[in-house]
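Geometric and topological summary
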Amino acid sequence: METIKKIFILLGSLDRRIIFFIVGLSVLIPLLKPEWVNLPIRPTPESQIVFDEINNLNEGDKVLLSFEYGPSTKPEIHPMAIAILKHLYAKNIQVYGFALWPDGNFMSTEAFSEVSVEFDKKYGIDYVNLGFKPGQEAVITGIASDIRTLYTVDLKGTPINDIPMMKDVVNIEDFDFVFSLSAGFPGSKEWVQYACDPKNIPLSTGCTSIQVTDIMPYVENNQIRGILAGMPGAAEYESLVETELQKMKITATPGKATGMMAAQSIAHVVIVLFIIFGNITYFITRKKKRKG
Amino acid sequence: MFFKRQIPLLIVIGVGLLTLFGRFINNEAVRGFVSNDATQWFDIIASFAIFLGALNMLKLQLIKIIKKQKNWQYSILAVGGFAFAIFAGFFYRGANYITISDIQEGELTSVSGIIAEELNESNPFNIETKLLDSKDAYEIDKIFMTEGNAKIFMEKLTPYVDTITLNSKPWGAHVQTKGSLFYWMFINTITPLGATMFALLAFFVASASYRAFRIRNFEATLLLVAGIILMLGRVPIGNLIPWWVVSIMVMFGIGAIAAPFIKKRKVLLGIVGGGIIIFIIAGTLMGWNQTPPAFLSIPIIQDWIFAFPAMAGSRALMIGIALGIVATSFRIIIGLDKSVLGG
Amino acid sequence: MNNKVIMWSMLFLILLGLYILGEGIIFVEGIRVKFAAILLVSITIYYYIDRARSGEEIYLRTIPGLKALEEAVGRATEMGKSVLFVPGISDLDQVETITGLNILGHVAEHTAKYEASLNVPVSKSIVMEAGRDICKESYLKSGRPDLYSDDMVHYISDEQFAYAAGVNGIMEREKPAACFYLGKFYAESLILAETGNSIGAIQIAGTGSMAQIPFFVTACDYTLIGEEFFTASAYLSKKPELLGSIKGQDIVKLMVMATMILTVVLNGLFQAGWISFDILSYL
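The structure presented is a predicted model; accordingly, all values stated were derived computationally and were not measured.

Scanning chain B from N- to C-terminus turns up 13 helices and 3 strands. In terms of C-alpha radius of gyration, chain B reaches 33 Å, well past the compact-globule figure of 20 Å for 343 residues. Its C-alpha atoms put chain B at 95 × 70 × 60 Å along the principal axes. In chain B, buried positions account for 23% of the 343 residues. When contacts within chain B are restricted to residue pairs at least 6 apart in sequence, long-range pairs at least 24 apart make up 64% of them.

Below, the structure is given as structure tokens:
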């Protein structure tokens, strides 16, 4: 009994470097060997709503895809961007890329180039990337009133009036759907406040896990239709899209978020175990102090 | 004093009141200023102000290097990184591309093969199709960081193509162009560094939870239990936790709540242990092994915690914070709180 | 009911009446509820400011985090170490940054008084300039302008994690005894707080970023939650007008709670078909 108590006391008072090392291993091993851990992905109702909203769009519809994330949140949100693009391209929906963050330009360039080649989509006809403009909420209000007051050229420097798919697009009311890939400010909340809610344009979002509590009130009020919450949300959406692509007999490279969920799962279990050990140690040492 | 105190105060009050009540005025010019111009003015000022910060940072780092203060070697990295970013953004485009036209007769396959090899494309037929479809000059879909590399590639095509030109992406667009020097710097240094710093959070969450989540009182216990359920419920592994494990956790929870009221430890142990056994037997008899109930599923409990208690708490906090912002802004707008002006 | 309440109520009704009369001509149509709300909030806060100016005693409960400010600076002085103040990573257009800089003024007064060294790394250039003005003024007020130096407030980087890395480096190298995180934060909050914890510093945090509050609560000794952070400048300065505005803010919160309860009850009655008035369409 005393030996067991000593082991628990040791486990509950570890140096934080050992904790870091064990957490590091718990993330690294599943990433290197994903086949060792095969976990089923269960789509949440919120992810299902996002999927259904996009799935109910028709061929030729216009979707505004806004990139509001940077390199630090890329592992969480970029897989969502890829999955969304695959879904939109598979349904032959026209995609209009915007960015409210300067880093969003790089993220959008990477996402478009990765998926457009795979689905053989043509720039200017199937998708266009208008890029970043400074101004935060002012950019959103500009897009809501008249895109051409803000954008005269696209990201490559081509005048937007020379781009075929920009012909009938004046403002946000010409879009059938808006999707915001958001990691902070400005992001989904600003799209709700300044454009989508006033103009009644359906909006969905994919965001980092930490932002979910901030955005959930809008989801509850149906101002945002569904939410992809962090990497689990990305993995759930990937699994839904992959099932849909199989039904449509389209082959595409599998997404990365699903493989990363094993790592996240193991890491969470390790953290929970450390919390439990810490509490056991706390009780044992408290009891000893009382006796002493 | 008049310029340092009174004039800034007048500007704060004037612009503040205009922005606050401007949305209610039925005048396009006023509403346009409030919605668009005011924020853009701030962005313009902030953009010019970047020079102040950059110069300050450079000054401090250079002083460290010149005076060889402690860890001055790291300052060389800071200054070097700064200089490289300025060079790649403002002085060196590094976004060269080649356009070809007037391909010699019978050489289409050779040209598409050379281009396919350069682009690492397995099927040169795709390139051939694009060459045939292009009406004017065909832009080869590769960006060369240096003119030298571009010219080496041009020499391979010159025997088969009559018109071949080397171009550069326009200034500004070169920053976003995949393959340019700035883009290379962003993807290969800034992105991994940013992701690394963000990844530190995982380790710090582990050490913070390990240290802070202790069953000290009722609220701390509630925080601990909610935290564990949320951590397990958010990931796929939560689906694998069977109903009887959750029922054991529920019984332990009941035991923890009842503990202050039951002095005799053996009685408490009996209640918790007996409760677990009864729960598991009853559940097995009710067929919960095949169809477990929703209230004993970690992901569903997690969804409930997210949708109700967490949401209620966060909404209350949001309202409080919003009111705090309103009151602070009001004090600043009416000129009551002058501390931000330096006094 | 005293004369001032009647006077302010009349003013509210007159201004609202003018707005309704001018709707469509001078004023925008369809947003009178918003206008009424802003007017009511402004008048309520100003009424209590006015009452405080007239000499009314305003009671504020103790906020441990703000009480501990001076203690933390004192601790740093005793240990011969510096004080680190992080005013967040947002620009001066955010109210949290302004509030953080207000508190910086008070912290700078203490560091001037106790002759402790102050380090304020910032993420935005405008915040750097504003911070310098505030610190200079505080040191002058404390009678120690000789201790002030412009390099106290210095710029690191606009980029979120580059800034976090820079501040972490300062903490690891200089090992300040007191760390203050008061402003708008995002994901870097836990990185800063955990590093501060690892060097054994006393940490006081406050932010309006709701998602970051739990991280600060876990890792810091004192956390200003929600409106506690925004009351800081009033609490520390003890100026009657500012304290009055805090009371006004609390009364507005009571009004919001009453409106919520009323809305729930009226909407419930409407849903049950007992009344025909739909309050939600009106709001």
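Moving on, we get to the interface of chain C and chain A. Contacts between chain C and chain A engage 6 residues on the former and 6 residues on the latter. Looking at the side of chain C that touches chain A, its residues break down into 5 nonpolar, 1 polar and no charged.

Counting from both sides, the interface comprises 55 residues of chain C and, opposite them, 45 residues of chain B. Its residues assigned to classes, the side of chain C that touches chain B shows 31 nonpolar, 13 polar and 11 charged.

Let us now look at the packing of helix 13 (residues 298-333) of chain B against helix 11 (residues 240-271) of chain C. Where helix 13 of chain B contacts helix 11 of chain C, the two axes come as close as 10 Å, and the packing angle between them is 140°. As far as their axial angle goes, helix 11 of chain C and helix 13 of chain B are oblique. Once helix 13 of chain B is placed against helix 11 of chain C, the crossing between them reads as right-handed. In contact with Ile319, Leu323, Gly324, Ala327 and Arg331 of chain B of helix 13 of chain B, helix 11 of chain C contributes Leu242, Ser245, Gly248, Gln249, Val252, Lys253 and Val256 of chain C. For the contact of helix 13 of chain B with helix 11 of chain C, the per-class residue count stands at 6 nonpolar, 4 polar and 2 charged.

For chain C, the domain assignment lists domain 1 (3-60 + 239-282) and domain 2 (64-230). For domain 1 of chain C versus domain 2 of chain C, the separation of C-alpha centres amounts to 36 Å.

Residues and elements named next belong to chain C. Remark: helix 2 (residues 32-53) packs on helix 11, axes separated minimally by 7 Å, with the N-to-C direction vectors making an angle of 140°. In terms of axis orientation, helix 2 runs oblique to helix 11. Judged by the sense of rotation from one axis to the other, the crossing of helix 2 with helix 11 is right-handed. Listed contacts from helix 11 to Val41, Thr44, Ile45, Tyr47, Tyr48, Ile49, Arg51, Ala52 and Arg53 of helix 2 are Pro240, Glu241, Leu243, Gly244, Ser245, Lys247, Gly248, Gln249, Ile251 and Val252.

Next up on the list: the domain arrangement of chain B. Each assigned domain of chain B is listed here: domain 1 (2-90) and domain 2 (92-176). Once you take the C-alpha centre of each, domain 1 of chain B and domain 2 of chain B turn out to be 42 Å apart.

In this section: the sheet that holds strand 1 (residues 83-88) of chain C. Residues and elements named next belong to chain C. Here 6 strands make up an open sheet; going across it, the order is 3-2-1-4-5-6 and the pairing parallel. Only two strands of the sheet have a single neighbouring strand rather than two, namely strand 3 (153-155) and strand 6 (222-224). Averaged over neighbouring strand pairs, the angle between their axes works out to 15° when direction is ignored. As judged from the 3 bridges shared by strand 2 (residues 118-122) and strand 3, these two strands associate in the parallel manner. From the neighbouring strand, Val122 faces strand 3, where its bridge partner is Tyr155. Contacting strand 1, strand 4 (178-184), strand 5 (202-206) and strand 6, helix 3 (residues 64-79) runs over the sheet at an angle of about 145° to strand 5.

Take the nonpolar core next. Residues Val63 of chain A together with Ala178, Phe180 and Tyr181 of chain C are the most contacted members of the largest nonpolar core, which totals 202 residues. Among the elements that line this core, the one with the most residues is helix 8 (residues 181-212) of chain B, at 15 residues. The contact partners of Tyr181 of chain C, leaving out residues within four places of it in the chain, are Val86, Ser189, Leu192, Ala193, Ala205 and Phe216 of chain C.

Residue and element names in this part refer to chain A. With respect to burial, strand 2 (residues 94-99) is a largely interior element, 6 of its 6 residues being buried. Of the two faces of strand 2, the one holding Gln94, Tyr96 and Phe98 and the one holding Val95, Gly97 and Ala99 are both buried throughout. Here strand 1 (residues 62-68) runs beside strand 2; their pairing, made up of 6 bridges, is parallel. Across the sheet, Val63 pairs through a bridge with Val95, a residue of strand 2. With helix 4 (residues 74-90) bridging strand 1 and its parallel neighbour strand 2, the resulting β-α-β unit is right-handed. Note that strand 2 and strand 3 (residues 127-132) share 5 bridges and pair parallel. Counterpart to Ala99 in the pairing with strand 3 is Phe132. Once you follow strand 2 into helix 5 (residues 102-118) and on to strand 3, the crossover reads as right-handed.

Scoring rules and cut-offs
Residues numbered from 1 in each chain as written. Chains lettered and ligands numbered in written order. Predicted model: local features only at pLDDT ≥ 70, side-chain atom pairs only at ≥ 80, totals over all residues. Helix = DSSP H or I, 4+ residues; strand = E, 2+ residues; numbered from the N terminus. Rg over C-alpha atoms; globule rule 2.2 N^0.38 Å. Buried ≥ 20, exposed ≤ 12 C-beta atoms within 10 Å, placed from the backbone. Contact = placed C-beta atoms within 7 Å. Nonpolar A, V, L, I, M, F, W, Y, C, P; charged D, E, K, R; others polar. Axes fitted to C-alpha atoms, helices over the stretch in contact; angles between N-to-C directions. Parallel < 35°, antiparallel > 145°, perpendicular 65-115°, else oblique. Left-handed = near helix turned anticlockwise from the far one by under 90°. Domains from an automatic or database assignment. Pairing = 2+ DSSP bridges. Core = buried A, V, L, I, M, F, W, Y, C linked by C-beta atoms within 7 Å. Right-handed = clockwise from strand over helix to strand, strands pointing away.

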